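Commentary on secondary and tertiary structure
One letter stands for each residue in the lines below.
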Amino acid sequence: MRIGVRWLTWIVATVSGLVLLGQPVAAQNQLAMSLAAMLAMIVLWVFFDGPRARFVFLALGSLVVLRYVLWRVTNTLPSPGDPVGFGFGLVLLLGELYCVFILFVSLIINADPLKRPAPALPPAAELPEVDVFVPTYNEDEGILAMTLAAARQMDYPADKLIVWLLDDGGTDQKCADADPAKAAAARQRRIDLQRLCGDLGCHYLTRERNEHAKAGNLNNGLAHARGDVVVVFDADHVPFRAFLTETIGHFAQDPRLFLVQTPHAFLNPDPIERNLRTFDRMPSENEMFYSVTQRGLDKWNGSFFCGSAALLRRTALDEAGGFSGITITEDCETAFELHSRGWTSVYVDTPLIAGLQPDTLTDFIGQRSRWCQGMFQIMILKNPLFQKGLKPIQKVAYLSSMTFWFFPVPRLIFMFAPLLHIFFDLKIFVASVDESIAYTATYIVINLMLQNYVYGKFRWPFVSELYEYIQGLFLAKAIVSVAISPRKPTFNVTNKGATLDHDHLSALAGPFVAVYLLLLAGCGVAAYRYLFEPGVTNLMLVVGLWTFFNLITAGAALGVCAERKVTERTPSLPIDRQGALTLGGRVTDVTVERVSAEACTVRLNAAFLAPGMGLTPLPGNLSVVPVAGARAAGPLPVTLLGVERTRDEAVCHLGFPNLTTQDYVALSSLMYGEAEAMRRFQLRRRRHKDLFTGTLQFVWWGLVEPVRALRYAFLPKPVPAPATGERPAAPARPGETPRLAFAPSRPDPTRPDPTRPDPDPFGPAPNPAGPASIRPAPAAAQDEGAGEWVRLMLEFENERRLSGGRADRRRPAVS
């Protein structure tokens, strides 16, 4: 009875609200109502907190948006008697309706994001057996060594954890390639990775043919693995030690749970963040999805598999026939199938891996094109509206995730629509200036307030518009290709770690330059016509301002096309670990404060350093205190590359020369021992940017970044260095077997038996043949940029000093 009364109350209130919304009012009254709603929202925002205030805030904003939509549909379309104007006006209206649809769906999904408590960890005897899959295609051996070493060191019983390297770059098909050079490279890769897995205690597995891309590779792993839970890490997604202890307990709480997904966190900036220099001060684009949207989806049992950093129940995968591979986004497709079969999912909002993002704009666009095409494939081939087994809210959740990728079409409509009025005098939007202010301007402000209220800590104002515009120029083509042939797109591996050793204009800059010049001409023509052409109404002023905003967006995009050189050869992570540094036969306590795959910075007592130390490279060792419960890793070989003294302390830059496979065990323990390091880094960037300062920042980018892009366009091309022949082999350290570049562990390079026992690198027995080494970079390349490293570290330390973060740091002792 109570439920019936509650539903009746909601229905009556909704109908009454819609009737009131439909009442016609004058523009002045509409402006007054919108301003009153705006004021009430500000009061709620500033003085109230909690779920009720949040719902009232969202309701007030939604009412203003609905009023705008009603007015827009009924009063602003050109007359059908003008078929050209009416047609373009209808296209513009449909683009706006799409945006309103996405807004309301996102508000429904994200109105009350779920924050799950950490589950209790079952006793060791009750923990499930876990198979870790690391699929690889063409990733560098150093990247794989770090990921595999960290996966083997996760806090979990060793007898219940098996790590598999699933190599699609060394398949039989590739080893028999018609091109002899490609075939030889594939065979050598297989040999090298077999040796790497043998040294790290992992299983190497490849297959006959590269069929069904990543999904086929994962399913080949399922055919050989036997664990209760499967964990998937992309080759460049390195897990922190606590990954399993923070997540595995959820499976004991729900027997129908098929997925535990964690966020993707990244060590390096994407091209937008790097070229606009926002990585250290602005939340990354992906954080809005992983910290708000996935939590919102989780409330409705709609959080989905994102391809990596996830745990999946084996029995659920077996029921669905493995990982789905009809589309090129096997992750979301697999979750979609299992949700429709009645399985449940969980999202854990704790960063437990650190990955790599595409470095160049070309690779970034390629990655997003694959995501866009894959989501449209699912929507066309397996439309969630007609999928049996999904609850209505789950259908809405999946529909929101899929239709979001339609954004390139309305984004381009909004970019070029005002030019039709400026250049051709087409009337595609019929309204007076008073009506435009009362309805359109207030709608835009309310829309910005809603987004800033929900996502403000995770997304700065107008940054979404910038990302969508940058992708939109290229993703529109991807959408058309899927619409024409839904089964045609193929899986392409995203390139990571591209070399950017000089400033330059991206190869994709051409369309962005053309659009910028077109919009600049549009602003000039609009200004001229408004000021000097008789009979032009104030509507030209409104359209001109609209074009000017588009010009600002296009200008900021030119800054993204102006690609800055990468200052770190390998991305680093700020940490806080205690250790001991040995140099010149003396030992001192140090605090390791930042580390990458090639170097680290430590802070120590300046009295330890003799005069002149740091002027020339000096070899030594770094030992780090293990985290609670972890085994102590061996000392890392280091080289002192530089010293910066500050009063009684010193900051030392240490390089890692010629790392062996076993050195990666110690390095991964240092860099990925504590997941809190990534969380601290993310929280430091999550500063709410209000609409005023966010708008000023965006306008500043739009004004100054085109100048930098113009400067890059005329920079001289770098002259390639002359070839110097093969790099000589690095000398072995005293008492060490001379290093080979991953010499084969077997004379036969064929695929090994995947069930064979592998040596345990964490046990006491050393490898009598001597460890293989990851191929190091040339010494000149290692030394190059060392000064930049120190400068960046000092800037980081100065910032922490200003924030008072070092007041309680103990002084390291000298022995």
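Residues numbered from 1 in each chain as written. Predicted model: local features only at pLDDT ≥ 70, side-chain atom pairs only at ≥ 80, totals over all residues. Heavy atoms only, no water.

So, on to the pairing of strand β4 (residues 229-232). Side chains of β4 alternate between two faces, with Val229 and Val231 and Val230 and Val232 buried alike. As paired elements, strand β1 (residues 130-136) and β4 share four bridges and run parallel to each other. Its bridge partner being in β4, Val132 is matched across the sheet by Val231. Judged from the four bridges that link them, β4 and strand β7 (residues 310-313) form a sheet pairing that is antiparallel. Residue pairing in the sheet places Val232 in a bridge with Ala310 of β7. (Buried < 20%, exposed > 50% of the residue type's maximum accessible area, 1.4 Å probe, protein only. Helix = DSSP H or I, 4+ residues; strand = E, 2+ residues; numbered from the N terminus. Pairing = 2+ DSSP bridges.)

On the surface, Leu39, Ile42, Val43, Val46, Phe47 and Phe48 cluster together into a nonpolar patch covering about 610 Å² of accessible area. Counting through the fold element by element, Phe48 comes out in the loop between α2 (27-47) and α3 (51-75). Residue Phe48 is classed as partly exposed on the basis of its relative accessible area, which comes to 48%. (Patch = residues over 30% accessible without salt bridge, like charges linked within 9 Å, V, L, I, M, F, W, Y side chains within 5 Å. Areas by Shrake-Rupley, 256 points an atom, 1.4 Å probe, with all protein chains shown as cover. Salt bridge = Lys/Arg side-chain N within 4 Å of Asp/Glu carboxyl O.)

On the basis of which strands lie adjacent, the closed barrel formed by six strands has the order β12-β13-β14-β17-β16-β15 and antiparallel pairing. Mean inter-strand twist for the sheet, computed between neighbouring axes without regard to direction, equals 45°. Sheet topology places strand β14 (residues 599-605) next to strand β17 (residues 649-655); seven bridges connect them, and they run antiparallel. Bridge pairing in β17 places Thr601 opposite His653. (Axes fitted to C-alpha atoms, helices over the stretch in contact; angles between N-to-C directions.)

Another point: the packing of aromatic side chains. Any pair of aromatic rings gets described here by the distance separating the centres and the angle formed by the planes. Evaluated as defined, the whole model comprises 29 aromatic pairs. Relative to Tyr439, the ring of Trp71 lies with its centre 4.4 Å away and its plane at 5°, an arrangement referred to as stacked. Within this pair, whereas Trp71 is found in helix α3, its partner Tyr439 is found in helix α17 (residues 433-455), the two being separated by 368 residues in sequence. There is no split in this pair, since Trp71 and Tyr439 are both buried. Taken together through their ring pairs, the aromatic side chains of Tyr68, Trp71, Phe429, Tyr439 and Tyr443 make up a single cluster. The ring of Trp343 is capped by Arg256, whose NZ or CZ atom sits 3.8 Å from the centre of that ring. For the cation-ring pair, Lys299 lies above Trp300, with the distance from its terminal atom to the ring centre recorded as 5.7 Å. (Phe/Tyr/Trp six-rings, centres within 6.5 Å; stacked < 30°, edge-to-face > 60°. Lys NZ or Arg CZ within 6 Å of the ring centre and 35° of its normal.)

Turning next to the packing of α2 against α17. α17 packs onto α2 with a crossing angle of 15° between their chain directions and a minimal axis gap of 9 Å. On the basis of the axis angle, α2 is roughly parallel to α17. Once α2 is placed against α17, the crossing between them reads as left-handed. Contacts between α2 and α17 involve Ala27, Gln30, Leu31, Ser34, Met38, Met41, Ile42 and Trp45 on the former and, on the latter, Asp434, Glu435, Ile437, Ala438, Tyr439, Thr442, Val445, Ile446, Met449, Leu450, Asn452 and Tyr453. Among the residues making up the contact of α2 with α17, the classes are represented as 14 nonpolar, four polar and two charged. (Parallel < 35°, antiparallel > 145°, perpendicular 65-115°, else oblique. Left-handed = near helix turned anticlockwise from the far one by under 90°. Contact = heavy atoms within 4.5 Å. Nonpolar A, V, L, I, M, F, W, Y, C, P; charged D, E, K, R; others polar.)

Look at Asn301: it is not a glycine, yet its phi comes out positive at around 55°. Mapped onto the secondary structure, Asn301 falls in the loop between α11 (285-299) and β7. Given the relative accessible area of 19%, Asn301 is considered buried. Here Phe462, not a glycine, exhibits a phi torsion of approximately 70°, which is positive. Inspection of the secondary structure puts Phe462 in the loop between α17 and α18 (463-484).

With that settled, consider empty space enclosed by the protein. Scanning the model with the defined rule gives four cavities of 30 Å³ or more in all. The volume enclosed by the largest cavity comes to roughly 100 Å³. Taken together, Met288, Leu448, Gln451, Asn452, Tyr455, Arg459, Trp460, Pro461, Phe462, Ser464, Glu465 and Leu691 make up the lining of the largest cavity. When residues of the lining of the largest cavity are traced back to their parent elements, those giving at least two are α17 and α18. (1 Å grid on protein atoms, 1.4 Å probe; cavity = no way out; pocket = protein on both sides within 12 Å on 5 of 7 lines; lining within 4 Å. Points joined across faces, edges and corners; volume = space filled by probe spheres on them.)

In this section: the side chain of Glu273. Its place among the elements puts Glu273 in helix α10 (residues 271-276). Despite its burial, Glu273 pairs with no opposite charge; the closest candidate is Arg685, at 4.6 Å N-O. Engagement of the side chain of Glu273 in a polar contact is seen with the side chain of Ser284, the distance being 2.5 Å. Of the polar contacts made by the side chain of Glu273, one reaches the side chain of Gln357; its length is 3.5 Å. If near-sequence neighbours (up to four positions away) are discounted, Glu273 is found in contact with Asn268, Thr278, Phe279, Pro283, Ser284, Glu285, Gln357 and Tyr467. (Lys, Arg positive; Asp, Glu negative; His and termini not counted. Polar contact = N/O pair within 3.5 Å; in protein donor to acceptor, adjacent residues only side chain to side chain.)

Most of β1 is tucked away, with seven of its seven residues classed as buried. Residue alternation in β1 divides its side chains into two sets, Val130, Val132, Val134 and Thr136 and Asp131, Phe133 and Pro135, and both sets are buried. Judged from the seven bridges that link them, β1 and strand β2 (residues 161-167) form a sheet pairing that is parallel. When the sheet's bridge partners are listed, Phe133 is paired in β2 with Trp164. Read from β1 through helix α5 (residues 141-152) to β2, the crossover connection turns out right-handed. (Right-handed = clockwise from strand over helix to strand, strands pointing away.)

Tracing the backbone shows Val100 in helix α4 (residues 83-110). On the basis of relative accessible area, Val100 is assigned to the buried category, the value being 7%. Ignoring anything within four residues of it in the chain, the contact list for Val100 reads Val65, Val69 and Tyr443.

This model, assessed by the stated rule, comprises 29 salt bridges. Salt-bridge contacts for Asp425 lead to Lys427; the nearest nitrogen and oxygen are separated by 3.4 Å. Assessed through its relative accessible area of 37%, Asp425 is described here as partly exposed. Via salt bridges that share partners, Asp425, Lys427, Arg529 and Glu533 belong to a single interconnected network.

The next point concerns the sheet that holds β2. Strand order in the open sheet formed by seven strands is β3-β2-β1-β4-β7-β6-β8, and the pairing between neighbours is mixed. Two strands close off the open sheet at either side, each with one partner strand: β3 (203-205) and β8 (344-347). Shown here is a sheet whose adjacent strand axes are inclined to one another by a mean of 20°, direction ignored. In the sheet, β2 pairs with β3 via three bridges, with the strands oriented parallel. Bridged to Leu166 within β3 is Leu205.

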